[in-house]
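Results of the structural survey
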Amino acid sequence: MWLEKEQSKLNIPTVEALGYISSLLPKDRLEEELPKLIRSLLSFSKKQGGHCSITECLYRVLDIATEMKCLKLKTQVDSVLNNLHQQICLSVDFSNQLAMKNHSEILRCFTVLVPVYTDSLINFLLAKLENTDQQVRVGTLSVLRHLISSTSPHIEQKAAQIVAAIKPTLLDKSSNQEKKIIAQVICAMAQQGYLEQGGGKLMVEFLIRQCATPVHSGTPVSSDQHPDQVTDEDLVTICETVMFMITNTVKMEDILWPFLLECVTMTQYTQALTTICNCLAQLGKRKLQTGNESFSYPYNEETNIPKAQALLARLLIACCCPYQGGGRGAAALRLLQVLSFYIHPATVTGWGEELPSLADHLLENSEESLPQQEWEKKLLLFLSRSLNYIGDEEWTGKLSDEMCKQIHTDHHSPQEKGFLYKSLGTVLHHVPSKNIKEELHQMLLNVQHSESAEREGAAAAIGFCAMTHYDDTLSALEEFANSNSLKNTSNFFNILRDKPEVDLDKVKSTLVLCYGNMALYSPEELILSRIESHILPAVVNQFITGVQGIKSESKDLTLKVSLIKTVTLIARSLQSIHQRVPFHFSGKRQLLKYMQDLIEAEVPQVLLSPVRHLAMSACMYLVQLHGDSNQEDTLQFIQTCLVSTFSLAPSELNKVKATDSNIKEIATLYKQTMTALQDLLKQILLQDLSPDGLQSIFTQLEEWIMSTKDYVRERAMITTFKLLNCYLEMLNVKNVLPLNNMGTLIGRVMPRCVDPSPSIGQLAMDSLHIILSIQFSYEGTNLHQHQEQLDILNSVREQFVNIDHLVLFQRASRITEVISNTLPHDQLGNVLFAAFKGLTDHQPNCSSAAAVFLKTIIKRRGSELRDQVSEILNLLRVQLQSVPSEAVKFSVLRSIAILTSHNTPTVVSCLLTFPVPLDKYVSDIWRTLAEEPECSMNTMKELLNILNKQLPTGERKTYSITENLNQYSTLESLAAVCALYEMITTPESRETVIKLFPQLFSTLLIHHSSSINVRLPKVFVPHHESKQRDFSAEPQSLSSKDVCVNCVEMLTDLLNMSNNHLVVHFMQENGGWDQMMDLRKSHRGVILLAKAMVRYAASSLTGIVVQLSALILTVEECQKVTVAAFFGELLKSPQTSQLQLTDTLMNRLLRCLYSSSSVVQFLCVRGMSNVTTGAPHRIEKYSRPVLCAMTGLMETGENDNELLMFEVLLCLTKHLEQLRPNTIRPFVLKIITGIEPFFEAKCDKVRAEAFSVLGCLVKCGCKDPRTYFYQQIHSHLVCLLLHLGGNSKEVSRSCTSTLRLAIALIASADTYSKVEKHLGEVTLNYTGFLKDISKQLIKDVPDRIHTYVTDCISFFTNPQEQIRANAVTLSAFFFQHPEEHLKPAQRITWWKKYKY
């Protein structure tokens, strides 16, 4: 009643209660209520959609009813079965526990009905199997599976009927869900022994067929996939599990064995081969353990059991790709071991040892880690040994036949097909008496030439066959080459045809690989005789395609790769022979060039093919052969390989961890390429394992080590490290040898030790460690002797994690100290020259390290570099123009300063060879030398010494002070002057400049004189022009200035640096600097400079005078002019006397007085004149030398030099005025004799000064007529009187003063008074004066009138008109007033004497 209520909460509890109450009802009551109860439950079940409580209640009702054998149940069975079947066919939500419980209760309901209603139930289910609805069949099969497993004793008699009903469901048209349940039903039947009565093989075949279903594991699972849906992978897994379960079922042994053996060779079951082999191996082991005789039955042609050879071929090929198909290789190996006796009794022992080893090798690896080529070699070796165990050529021949059959099948992958060819070649190798051409033809015609694995496999097979069938193999290849497979177009029109299915280049690829393998495996005695006549031409000809007589190189990548591999094989073959029998291979150079062209043809910066690494691998073997090749070709080839490899862009390699297989392949290809390059370079090195050989390769790597790209530098350093390590490992020094280039390697590698990239830095450190070890080996020293230094390097390497600049600097210093301590003397130059290139490194760390290295080496061992100073400086000067960092430039300049401190004379001499005007870099060097006090002191002294020893000279000629001479200076010494200029103008050199001020001032003053009107050339190389050819810097200073301007500027800076600013100011105000730069006025400027020095820098004069005094006697005439002018002006100052310099100055001027230059003489004479002003108290001391010198000059015949003679006469005047008469008297004769010619000089000043000298001598005379001077006064009296009335006022004044003195000496007092009267007048009445003086003279000295008249007559021819007139006038007065004491007759006679 409660069940009839709708939507009541009591329905389910009521149903649960009914289930329990039913078991309490008596049989009659149950019999009465059973129909009604079942109908109510079934009805309620439909309404509730299947509830586990309802089903459980139904189970309890059915259980008690069958137990009590209620008759009315039979009427309800059909209804119950239909209802239950409908529910079991519904999909079950396995995630819902109630649904799962309901499903289980339904199956229990079926189970409880079996004992009573077996026939009805089985017939009902089998009938349902014929339904076309999949869900109905699946539900039915699930019930059957349950019933077979749980109620087998009740339905055994229905086994045949059930099996027969199941067979139609084995068709492949079923869904995976249905196949799954079928497999489960088969498993249940097998376990219950139902399959022994028939149909077992069909059931097993169904399972195997499902196991062979192709599974695509990479197919993604759809998000809307139904929970009941079964994928192919799920189905395969279930069927494999079922197979393993039934294999372990004893009742199935007779069905599975030997039926599964038939499945081994069935190609359609290839995917299930793992399962088949595992099952067979399990069965075989069990049979062997039980000693079952059925296991060893012989092969029967009437059965489908495969032959032993077929099984071996099939299983061996299955092992090729061992991880495919769920581990097919291991399963095949296990089966082979089980079948060893069945295959051949002779293999049992050998296989028992080898097969487990192969299986273990698979366990130790994975599909990714297993080296395929190595694995195949193991299998082929196993096959070869097996054939040796068997030793039956007939049996082996059958094996080859079986393998040939497999060639025509399509189930093999290219890898397996290639291995099949190799296996066939191995087998044919073991049947030497067989004609193998047919097999080879079949193989070559069936090869998929587009598949690399098949090409390689076929080529290897050809090689194996050539070991015992050389002629047949070569003949087969030639026939194949001439067959239609390789026929090219026969006419021009065929060129336009579409590409055929078989790519001709791919076929050629296979062919050339075959020739290569023939060369590798053929007997030695055959290959040497035929390699160049048969194999090599065939290979090259296949690579060159001829079309209508036009030859072109193939562009096909496959053919290129095949050619390279073939060359590798040929080289390997010859190399192995060459190790035993050296021979000359004439094709070596051609093949190397071929490989080089292939490498160059690759796309730059992109790695798209294996051509690079394969070609380099080929060359690695070629270089080991003797042939026609030279060093130049080798180096060019190395550079080609480096360019092609190092320039590869890394963008493709940054994603190595990505899942994209293409990226991984490129990464692998890159590693192979780098390894091939390193192996090639190692092999080239081994051909010349010497320092020179190492250096030649390293030279090619240098530019890559300094690349701006990190990945390029890293590649280069890795390669360098590998080469050095190889060199060290192979090094065997028997005798101590000198090294010439280890220093070069050290210098180039050291800067990389502080590379910004830690990996590069560590590689460089490791390389440096190896280089030092090599060096120690050559020196014959034990590494333990240098272990401390090597330990320092190791510690620095371990700390290479901090990139702080200070830390890097310290690290570079420590490395340099190690190198400095261990480097031999003869390598110092090389290491420095190599390090110079590091100064221009684009990495600041490395260029700084190179600078530190350079500085430290020079600081510690600079004294050993004397012989290499010139080369060092020339290279550094070139490098400086390319150094990008100012800090590095500064460090380099400091290094030069340190070098100078060790080798000052040598460095200075070398620096002076650089062009003038100085360029910026040389100027910087000089300025740097000036910054260090000790260095600047030594350098300036050296420069001064050089300048003083090799003073700049010009044309050695004497010139007057008025000459306009374009003099030039010696350009070698100008370099020293320019150097001094750079040093003096450096502020840091002030202290040194002050200390060396006298020397600097003196030297610059002298050089100034030779620089007037001299211009520097645009570029002048003093000595070694060739050394400058690599230098491109433009001159930076003085290119458009006079050298004289430079010297003046230097003097200005020198004075300013030494705190003599007032001197500079004085010279500027008075135009002294400008005058010094004017040839005509330079001496005046020097005089002004001397005046300024006396006034403002007197304290420095002593040192300056000492320096100039030492130089004045050795310098040229033009330079003596400056010194003489300077000294002369100094004598004018009283301070000179106070400084006790007068003696020195006078001494030097007197010695220069006899110079060939009249200008020098002029300035010396003027200086001697100045002493009368500057040191009048010392006139007497110098009287004799001065008077001698002056009279000597007047006697030299320089009378025409009016300026000089005027200065001489003036000097005499100044000295005579201050000298005592007694001092003068010894020189009167010479003086009068000397001045006489100047009384008639053309120059008024000279005449006037001559008369002044005469007047100065009067004080030395007396009134004694007998004295010489008295006589000379009378002799020159007429001259004085005549010139007194001349046109020159200056001469007149001089004559006036002299006449007064002379008249007082020779005439009476009346005469003197009259003379004073006339001369004292404002305007002299010259005629009246002559009249009066003539009268007085006639009276005073009548006996001299004749002489006077004679003197007057001598002036009648004087060039000056006025003098001639005066002479006539004076003579007339003498005749007009003859002596009164004379008689008239006597007067007439006196007059007549003068008639003419």
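Residues numbered from 1 in each chain as written. Predicted model: local features only at pLDDT ≥ 70, side-chain atom pairs only at ≥ 80, totals over all residues. Heavy atoms only, no water.

**Some thoughts on the overall build of the protein chain**
Helix and strand counts for the protein chain come out as 69 helices and two strands. Buried residues in the protein chain amount to 56% of all 1396 residues. Partitioning the contacts of the protein chain with sequence separation of at least 6, the portion at a separation of at least 24 is 76%. (Helix = DSSP H or I, 4+ residues; strand = E, 2+ residues; numbered from the N terminus. Buried < 20%, exposed > 50% of the residue type's maximum accessible area, 1.4 Å probe, protein only. Contact = heavy atoms within 4.5 Å.)

**Remarks on the packing of aromatic side chains**
For the structure shown, the criterion picks out nine aromatic pairs. Sitting over the face of the ring of Tyr59, Arg108 holds its NZ or CZ atom 3.9 Å from the ring centroid. (Phe/Tyr/Trp six-rings, centres within 6.5 Å; stacked < 30°, edge-to-face > 60°. Lys NZ or Arg CZ within 6 Å of the ring centre and 35° of its normal.)

**Let's talk about helix H17 (residues 328-338)**
Of all the 11 residues making up H17, nine are buried; the element is thus mostly covered by neighbouring parts of the structure. If you check which residues of H17 are buried, you get Arg328, Gly329, Ala330, Ala331, Ala332, Leu333, Leu335, Leu336 and Val338.

**As for the side chain of Ser1058**
Assignment of secondary structure puts Ser1058 in the loop between helix H49 (1043-1057) and helix H50 (1061-1069). Within the structure, Ser1058 has its side chain in polar contact with the backbone oxygen of Leu1055 (distance 3.1 Å). The contacts of Ser1058, once residues within four sequence positions are left out, are Ile994 and Phe997. (Polar contact = N/O pair within 3.5 Å; in protein donor to acceptor, adjacent residues only side chain to side chain.)

**What about the pattern of salt bridges?**
Counted by the stated rule, this structure contains 35 salt bridges. Linking Glu602 and Arg612 is a salt bridge whose minimum nitrogen-to-oxygen distance equals 3.9 Å. In this pair, Glu602 sits in the loop between helix H29 (588-600) and helix H30 (611-622) while Arg612 sits in helix H30, placing the two residues 10 residues apart along the sequence. Residue class for Glu602 comes out buried when judged on its relative accessible area of 13%. Residue classification places Arg612 among the buried residues on the basis of a relative accessible area of 1%. (Salt bridge = Lys/Arg side-chain N within 4 Å of Asp/Glu carboxyl O.)

**Quick word on the environment of Met765**
Looking at where Met765 falls in the secondary structure, it is placed in helix H36 (residues 758-779). C-alpha of Met765 to C-alpha of Arg752: the two residues are 13 residues apart in sequence and 8.1 Å apart in space.

**Some details on the environment of Leu1216**
Turning to its location among the elements, Leu1216 is positioned in helix H59 (residues 1202-1218). Classification of Leu1216 by relative accessible area gives buried; the value is 0%. With 44 residues separating them along the chain, Leu1216 and Cys1260 place their C-alpha atoms 9.9 Å apart. With near-sequence residues (within four places) excluded, Leu1216 lies in contact with Leu1187, Ile1224, Ile1231, Val1253, Cys1256, Leu1257 and Lys1259.

**Topic: helix H43 (residues 904-911)**
Residues of H43 that are buried include every one of Thr904, Val907, Val908, Cys910 and Leu911, and no others. Across the axial projection of H43, the buried residues extend over an arc of 165°, all falling on one side. (Arc of directions from axis to C-beta.)

**Let's talk about the confidence of the model for the protein chain**
It should be kept in mind that the predicted coordinates are not to be read in detail where pLDDT is low. Of all residues in the protein chain, 85% have pLDDT values of 70 or greater, and the mean over the chain is 81. In this model residues 546-552 is a low-confidence stretch, pLDDT under 50, and it forms 12 contacts with partners more than four residues away in sequence or in other chains. Overall, residues 1380-1396 carries pLDDT values under 50, and its contacts beyond four positions in sequence, including any with other chains, amount to 18 contacts. (pLDDT = per-residue confidence, 0-100.)

**A short note on unusual backbone geometry**
It is generally the case that most residues other than glycine have a negative phi and that most peptide bonds are trans. Here the residue pair Trp257 and Pro258 is connected by a cis peptide bond, since its omega of 10° sits within 30 degrees of zero. Examined against the element boundaries, Pro258 turns out to sit in the loop between helix H13 (253-256) and helix H14 (259-264). In this structure, Asn1059 is a non-glycine residue whose phi angle is positive, near 70°. The class for Asn1059 is partly exposed, based on a relative accessible area of 43%. Backbone geometry at Gln1140 places phi at a positive 60°, although glycine is not the residue there. With respect to the helices and strands, Gln1140 occurs in the loop between helix H55 (1134-1138) and helix H56 (1142-1152).

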